[in-house]
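What follows is each chain in one-letter form.
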Amino acid sequence: MNNGYSTETTTLSISLGIEGFSYPDLYDPKRLEALSTVFDASLKTSDPDLFERFAAYRRNPDHRLTPPEEAELLIQVAFHQSAFVARLFNISAERDAFMAEIQSQKPLF
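Bear in mind that the values here come from a model prediction, so they are computed numbers and not experimental data.

Participant: Just checking my understanding: could you explain the pattern of salt bridges for this structure?
Facilitator: Side chains that differ in charge, positive against negative, can pair when their charged atoms come close. Taken as a whole and judged by the stated rule, the model has 4 salt bridges. The partner of Arg31 in a salt bridge is Asp25, with the nearest N and O atoms 3.4 Å apart. A relative accessible area of 25% places Arg31 in the partly exposed class. Residue Asp40 pairs with Arg58 through a salt bridge whose shortest N-O separation is 3.0 Å.

Participant: Sorry, what's going on with the side chain of Arg95 here?
Facilitator: Along the polypeptide, Arg95 turns up in helix α4 (residues 92-104). Those residues in contact with Arg95, other than ones at most four positions away along the chain, are Phe79, Ser82, Ala83 and Ala86.

Participant: Looking at this model, I keep getting lost on helix α1 (residues 29-46). Mind explaining?
Facilitator: Side chains three or four residues apart in an α-helix point the same way, a direct result of the helix having 3.6 residues per turn. The end-to-end C-alpha separation of α1 is 25 Å, in line with the 26 Å expected for 18 residues at 1.5 Å each. Within α1 the residues assigned to the buried category are Leu35, Phe39, Asp40 and Leu43. The buried residues of α1 occupy one face: seen down the axis, they fall within an arc of 150°. The outward face of α1, more than 90 degrees from its buried face, is lined by the exposed residues Lys30, Glu33 and Thr45. Looking at the buried positions of α1, the neighbouring elements they touch are α2 (48-59) and α3 (67-88). At the N-terminal end of α1, a side-chain oxygen is found 3.0 Å from the backbone nitrogen of Lys30, two or three residues along, and the residue is Asp28.

Criteria and cut-off values
Residues numbered from 1 in each chain as written. Predicted model: local features only at pLDDT ≥ 70, side-chain atom pairs only at ≥ 80, totals over all residues. Heavy atoms only, no water. Salt bridge = Lys/Arg side-chain N within 4 Å of Asp/Glu carboxyl O. Buried < 20%, exposed > 50% of the residue type's maximum accessible area, 1.4 Å probe, protein only. Helix = DSSP H or I, 4+ residues; strand = E, 2+ residues; numbered from the N terminus. Contact = heavy atoms within 4.5 Å. Expected span 1.5 Å × (residues − 1). Arc of directions from axis to C-beta. Polar contact = N/O pair within 3.5 Å; in protein donor to acceptor, adjacent residues only side chain to side chain.

This is the structure:
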């Protein structure tokens, strides 16, 4: 039965924006761990205090933050993660334009 999909394996030749990583690495748990380490280093460089709070949060899951504290921490990390993912996929300019559009609408909200 032909469902319109090719059964042949294809290799995507997407160039990633983080040196030392290639698209197939995104399917390899060891390479994802290495990419996570690169993200951690990036976060530590750009916001050491946030990195330390996030590292403590990950190290000790039994340490409870209040729901608003946890949400604020994750939102702050998500901002950095968004920039990292944009860099990874070479879409930083598009992300920046999107962020500018969001900021321009801030007075409405």
